[in-house]
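A closer look at the structure
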Amino acid sequence: MNARRLENRVAIVTGAGQGVGEGIARRLAQEGATVVVAARRAETGEPVVESIRSAGGQAVCIVTDVSVSESVDACVAKTVQQFGRLDMMVHNAFMGGIPHKLEKAQIDKHWTPMSRTGVWASLFCARAAMPHLIASSARPKGEGGGRLILITSPSGVEGSANIPLYSPAKAAQRAIAKSLAREWGEFGITVNCIGPVAGSPALLTAFDRNPALQQAIEARTPLGRVGDITDDIGSVALFLASDDSSFVTGQTIICDGGSFLGL
Amino acid sequence: MSVKVSGGGRLAQVMRDGVHSDTRSAVIVVDLDGNNSISSLAELTDAQIDEMYEQPMQQVIAAIQEAHSTNCERIVVVVPTTGMSGGAYYAPQAALAESARILVKSAARQWGASGITVNAVAVEPHWFSIDTSISGAVAIAPRSLANEVSPVGVVTWLCSEAAGDITGQTIVCDGGLWM
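Residues numbered from 1 in each chain as written. Chains lettered and ligands numbered in written order. Predicted model: local features only at pLDDT ≥ 70, side-chain atom pairs only at ≥ 80, totals over all residues.

Assigned secondary structure in chain A consists of nine helices and seven strands. The C-alpha radius of gyration of chain A comes to 17 Å, within 12% of the 18 Å expected for a compact globule of 263 residues. Considering only C-alpha atoms, chain A reaches an extent of 50 × 35 × 35 Å along its principal axes. Burial status across chain A gives 56% buried among its 263 residues. For chain A, contacts bridging at least 24 residues in sequence account for 71% of all contacts bridging at least 6. (Helix = DSSP H or I, 4+ residues; strand = E, 2+ residues; numbered from the N terminus. Rg over C-alpha atoms; globule rule 2.2 N^0.38 Å. Buried ≥ 20, exposed ≤ 12 C-beta atoms within 10 Å, placed from the backbone. Contact = placed C-beta atoms within 7 Å.)

Right, here's the structure in full:
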């Protein structure tokens, strides 16, 4: 067991003010990473930072709107200015997911928020982080290693009946990861995706409103539960961020207790 | 029955010339231009993301909605395999191809109860002018067929009455390059 596997490394986690992003931020910080909690609102980001610090970790909040390239660029610039490096970019932030009928879907209402925060923002994050990830990978073995991790969804593989336009946005992230894995291999940067099903605030709220939904999801899941944002999902991100995964690139790890087995 | 083909380029014309059907069908060829490879992600502009991903994806959404509104029973979306394989220096185009391919699955799930089938055909990248010497190899073995592979036959079958139990699928029609 390697203790503090990310000591001296710096990570940006977008959408870390809650849910899966928060869990990933916590887990990376537990292993010694300095974590930038990139949240759209300080009201959500700052409490996560305080919590990480209270547990002995290092974190700051940088308010970031991932749908705006200048905002992403500024987040990366501030991070490097403050900490001198960037080793890991984890893009988790996402907005949208309103159930809709495909035949009546409206671009502005149902597609654009997901396209901007899922697809465009993945490219923004990759583009802004790229020179710093190259620099990280150029460090001596064990002292760095550029990582880009995109948070996708099982729906990005199997489609969705309830939110049909959610799936294409998530699918695009997998294609971007594969493309950049090819493109950045020469630099030693790895690019991977995680497809989680986890107890995010949104899902837990849905369970409160509809206990039958929780029972249905747990019943179809071999491990019989939804994932914990830190211990289950964050730990997969930790693996992909760490040196343990240095020969893994272009992949999607579905982390959902075995609910989706079609990859 | 008529087959409505949407999309531009050589492949769309091949579809217009060659695909026929005994059902009301729509064939959507994704408007992806591989001549627009980028030299590096660092050079990718926001305008290029809009041109290479956003606008053609919105066209796919509009085309699939139109196919539904005109009571098509068979909908086939044609993409390059680059969405599944990834392509170096083609990230926006790969994203477009995969978005379109997975949209097919969502549509199949929503519209299956209405008897509408929605499928994808993934073809060799060259049909979309994607240069695999740039994007990276899509196979580690030579393909098994010697001649140029035409997707017309596969698309015609998916548009037919006979394919009525097939939906949400991707048929890779490239002679065995991408497995």
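It is worth spelling out the overall build of chain B at this point. Each helix and strand in chain B was counted, giving six helices and five strands. Taken over the C-alpha trace, chain B has a radius of gyration of 16 Å; the compact-globule value for 179 residues is 16 Å, and the two agree within 12%. Taken along the three principal axes of its C-alpha coordinates, chain B extends 45 × 40 × 25 Å.

Contacts between the two partners involve 36 residues from chain B and, on the opposite side, 35 residues from chain A. Secondary-structure elements contributing two or more residues to the side of chain B that touches chain A are helix 2 (46-69), helix 3 (82-85) and helix 4 (91-111) of chain B. The dominant element in the side of chain B that touches chain A, judged by the number of residues it contributes, is helix 4 of chain B, at 15 residues. The class makeup of the residues in the side of chain B that touches chain A is 17 nonpolar, 13 polar and six charged. (Nonpolar A, V, L, I, M, F, W, Y, C, P; charged D, E, K, R; others polar.)

Residues and elements named next belong to chain A. Strands sit in the order 3-2-1-4-5-6-7 across an open sheet of seven strands; the sheet is parallel. Two strands in the sheet have a free side with no partner beyond their single neighbour: strand 3 (58-63) and strand 7 (252-255). Looking at each pair of strands side by side, their axes are set apart by 20° on average, direction ignored. Sheet analysis places strand 1 (residues 10-14) next to strand 4 (residues 88-91), joined by three bridges and oriented parallel. (Pairing = 2+ DSSP bridges. Axes fitted to C-alpha atoms, helices over the stretch in contact; angles between N-to-C directions.)

Okay, the packing of helix 2 of chain B against helix 4 of chain B next. All names here are of chain B. At a closest axis distance of 10 Å, the pairing of helix 2 and helix 4 adopts a crossing angle of 20°. Here helix 2 is positioned roughly parallel relative to helix 4, judged by the angle of their axes. The handedness of the crossing between helix 2 and helix 4 is right-handed. Across from Gln48, Ile49, Met52, Tyr53, Pro56, Met57, Val60, Ile64 and His68 in helix 2, the residues of helix 4 making contact are Pro92, Gln93, Ala95, Leu96, Ser99, Ala100, Leu103, Ala107 and Trp111. Class assignment for the residues of the contact of helix 2 with helix 4 results in 14 nonpolar, four polar and no charged. (Parallel < 35°, antiparallel > 145°, perpendicular 65-115°, else oblique. Left-handed = near helix turned anticlockwise from the far one by under 90°.)

This next bit is on unusual backbone geometry. One non-glycine residue, A:Asn8, lies in the positive phi region at around 75°. Inspection of the secondary structure assignment puts A:Asn8 in the segment before strand 1. With 14 C-beta atoms packed within 10 Å, A:Asn8 lands in the partly exposed category. Phi is positive for B:Asn71, which is not a glycine, with a value near 65°. Along the polypeptide, B:Asn71 turns up in the loop between helix 2 and strand 3 (74-80).

A:Val37, B:Val27 and B:Val78 are the most contacted members of the largest nonpolar core, which totals 136 residues. It is helix 4 (residues 107-137) of chain A that provides the largest number of residues to this core, a total of 13 residues. (Core = buried A, V, L, I, M, F, W, Y, C linked by C-beta atoms within 7 Å.)

Taking 1.5 Å as the rise per residue, helix 6 (residues 166-184) of chain A with 19 residues should run 27 Å; its terminal C-alpha atoms sit 27 Å apart, in good agreement. Where burial is concerned, most of helix 6 of chain A is hidden: 19 out of the 19 residues are buried. (Expected span 1.5 Å × (residues − 1).)

Glancing now at the confidence of the model for chain B. Averaged over all residues, the pLDDT of chain B equals 93, while 96% of them reach at least 70. Interface scoring of the predicted complex returns ipTM 0.96; its pTM is 0.96. (pLDDT = per-residue confidence, 0-100.)

Judged from the four bridges that link them, strand 1 (residues 3-6) of chain B and strand 2 (residues 25-29) of chain B form a sheet pairing that is parallel. Paired with B:Val5 across the bridge in strand 2 of chain B is B:Val27.

A few words on the sheet that holds strand 1 of chain B. All names here are of chain B. Strand order across the open sheet formed by five strands is 1-2-3-4-5, with parallel pairing between neighbours. The open sheet has two edge strands with one neighbour each: strand 1 and strand 5 (170-173). Each adjacent strand pair in this sheet contributes to an overall mean axis angle of 20°, direction not counted. Pairing between strand 3 and strand 4 (residues 117-123): seven bridges, direction parallel. Following the sheet pairing, isoleucine 75 is matched in strand 4 by valine 118. Strand contacts of helix 1 (residues 9-18): strand 1, strand 2 and strand 3, with the helix running at about 160° to strand 2, the strand carrying the most contacts.

Moving on, we get to helix 2 of chain B. Here helix 2 of chain B contains 24 residues, and its C-alpha end-to-end distance of 32 Å stays within 8% of the 34 Å for a straight helix at 1.5 Å per residue. Helix geometry: helix 2 of chain B is bent most strongly at B:Glu54, by close to 30°, with proline B:Pro56 lying one to four residues after it. Taken together, the buried positions of helix 2 of chain B are B:Ile49, B:Met52, B:Tyr53, B:Glu54, B:Pro56, B:Met57, B:Val60, B:Ile61, B:Ala63, B:Ile64, B:Ala67 and B:His68. Turning to helix 2 of chain B, the residues buried within the fold contact helix 4 of chain A together with strand 1, strand 2, strand 3 and helix 4 of chain B. Where helix 2 of chain B terminates, the next one or two residues include B:Asn71, which has phi positive at roughly 65°. (Bend = angle between axes of the 7 residues up to and from the residue.)

All right, on to the environment of A:Gly57 then. Residues and elements named next belong to chain A. Residue placement: glycine 57 occurs in the loop between helix 2 (42-54) and strand 3. Sequence separation between glycine 57 and leucine 6 is 51 residues, and the spatial gap between their C-alpha atoms is 12 Å. In contact with glycine 57, other than residues within four places in its own chain, are Ala29, Gln30, Val35 and Ile52.

Residue and element names in this part refer to chain A. Here serine 122 shows up in helix 4. On the basis of neighbour counts, which here come to 31 C-beta atoms within 10 Å, the residue serine 122 falls in the buried class. Sequence spacing of serine 122 and leucine 148 is 26 residues, and the spatial spacing of their C-alpha atoms is 9.5 Å. Residues in contact with serine 122, not counting those within four places in the same chain, are His91, Leu150, Gln173 and Ile176.

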